[in-house]
Each structure stands twice: as C-alpha cells, then as structure tokens.
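# Observations on chain architecture
Here are the chains, one letter per residue:
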Amino acid sequence: MNYAEALKLLRSFPIEKGHDWDRHCIQVGEIAYRLALALKDFIPIDPEKVRLMGLVHDFGRSVTQCPFAHSYEGYKLMKALGEDELARICACHSNGTYRPEDIEAYGLKPEDFFVRTIEEKLVFIADNLEDHGSVVRQDKRLADVISRYEKKNPEFLPILQSKFREFQAFDDEIRALCHKGVYEILGI
Ligand SMILES: [Fe+2]
C-alpha cells in the first residue's frame, strides 16, 4: 500500500461528527516525516515510509475509539490487507498500551505492542505531539489527553503518565543520532 492508497482508505471511513482523528492521522504522518527527514543524513531511513506508517497508525479508530482496542483493530485491518509492517505500527504505536487480559484473544504477544525500530519511535513521538491540527510540546498534548480520559477511562491514566519517560528516552536517542532534539527539529 502506498501513501495515496492509504489516504484513499482513510477517506472511505465514516468519521463521526465532532471527531477529527482522520486529520490526526494525516498530521502524525507529516510530523513523523519531518523527523525522518532530519535523521536521513545520519542513518538509513526512508521518510516516505515513515509518513505512511504515521498516516495509518490510528486506522483502527474507524472501528472503535477505545484507547486500547483501536490499536488491535488497526492491526487486524492491515493484516487483512496483507500489510504486515503497517499492521505492526497500528499495534505498537502507543508503546505498551494494551490490557494483558486481551492478549490471548488477540493472538499477539506483549512485544507486539512496543515500538522497536527508529521508524516506529518517530510515529510514537509524532502521535505525542499532534494536537487537533497543531504541533505542540508533549506536556501540553498529554495534559489534553489526560483530561479527555480521566473520567471515561481512568484505568488508562498510569499508561499516559509513563509516556513522559518514554518520550524523553526516544528524544535522547534522536539527539544522539542527529545532534538535535525533537523540539528543535520541529521548531516548537
Ligand atoms: Fe494517534
């Protein structure tokens, strides 16, 4: 699947009134692409592929808005299309966001829900910074997400808190590679 095909698929999903996750998907692709461009003089990386991975990461939201299950729904969708690598980013993009009790029914392993490659880490980072069409620092974006979930899914809050540390670790990794942090690359 190329970017244009994935965008066409996104456009085919019904989007509930008041939801903007379709724009979020596009923006995460764009942010991840900018990060990949900054890295490409230092490591072998394909920015176009990273943009595609960012675009599809939340396609499971076409099935459910559940903060846990949407990752698996995206995985299933991409698997059914024969897109194994894109299936993986759907499952792992929230880095460790899964309920242990679901794993067996999913037929997946815990490690399928953790980012591994630099490309996957860039999508995780971009997802942490995209805020309804704007690129913002992680603390602002996470504060918004926490306020969205604190009543609806309080069990999700410890996982959200852990994203601060994970983001920091990946930001350090990027700085070690290209001598710039994520905020510097993105100018925020
Ligand atoms: Fe997302």
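Rules of the game
Residues numbered from 1 in each chain as written. Predicted model: local features only at pLDDT ≥ 70, side-chain atom pairs only at ≥ 80, totals over all residues. Helix = DSSP H or I, 4+ residues; strand = E, 2+ residues; numbered from the N terminus. Rg over C-alpha atoms; globule rule 2.2 N^0.38 Å. Buried ≥ 20, exposed ≤ 12 C-beta atoms within 10 Å, placed from the backbone. Core = buried A, V, L, I, M, F, W, Y, C linked by C-beta atoms within 7 Å. Axes fitted to C-alpha atoms, helices over the stretch in contact; angles between N-to-C directions. Parallel < 35°, antiparallel > 145°, perpendicular 65-115°, else oblique. Left-handed = near helix turned anticlockwise from the far one by under 90°. Contact = placed C-beta atoms within 7 Å.

## Here we look at the overall build of the protein chain
Looking only at helices and strands, the protein chain features 10 helices and two strands. When the elements of the protein chain are put in sequence order from the N terminus, they spell out α-α-α-α-α-α-α-β-β-α-α-α. What you see for the protein chain is a C-alpha radius of gyration of 15 Å, in line with the 16 Å of a compact globule of 188 residues. Each principal axis of the C-alpha distribution contributes one length, and for the protein chain these read about 40 × 35 × 35 Å. With 188 residues in all, the protein chain has 36% of them scored as buried.

## Focus on the nonpolar core
Grouped together as the largest cluster of nonpolar side chains are 40 residues, with contacts concentrated most on Ala32, Leu35, Val56, Cys90, Ile125 and Ala126. Sorting the residues of this core by element identifies helix H1 (3–12), helix H2 (21–39), helix H3 (47–56), helix H4 (69–80), helix H5 (84–92), helix H7 (118–129) and helix H9 (157–178) as the ones contributing at least two each. Counting residues per element, this core draws most heavily on H2, at nine residues.

## Section: unusual backbone geometry
You will see that Asn95, though not glycine, has its phi angle at about 45 degrees, which is positive. At His179, a residue that is not glycine, the phi angle is positive and equals roughly 65 degrees.

## Describing the environment of Asn95
With respect to the element layout, Asn95 can be found in the loop between H5 and helix H6 (100–106). Note on Asn95: 22 C-beta atoms within 10 Å, which makes it buried. Spatially, the C-alpha atoms of Asn95 and Glu111 are 9.3 Å apart, while their sequence positions differ by 16 residues.

## Concerning the packing of H2 against H7
Direction vectors running N to C along H2 and H7 enclose 125 degrees, while the axes themselves pass 8 Å from each other. Taken together, H2 and H7 sit at an angle that is classed as oblique. For the crossing formed where H2 meets H7, the hand is right-handed. Along the contact surface, H2 presents Val28, Ile31, Ala32, Leu35 and Ala36, while H7 presents Leu122, Val123, Ile125, Ala126, Asp127 and Leu129.

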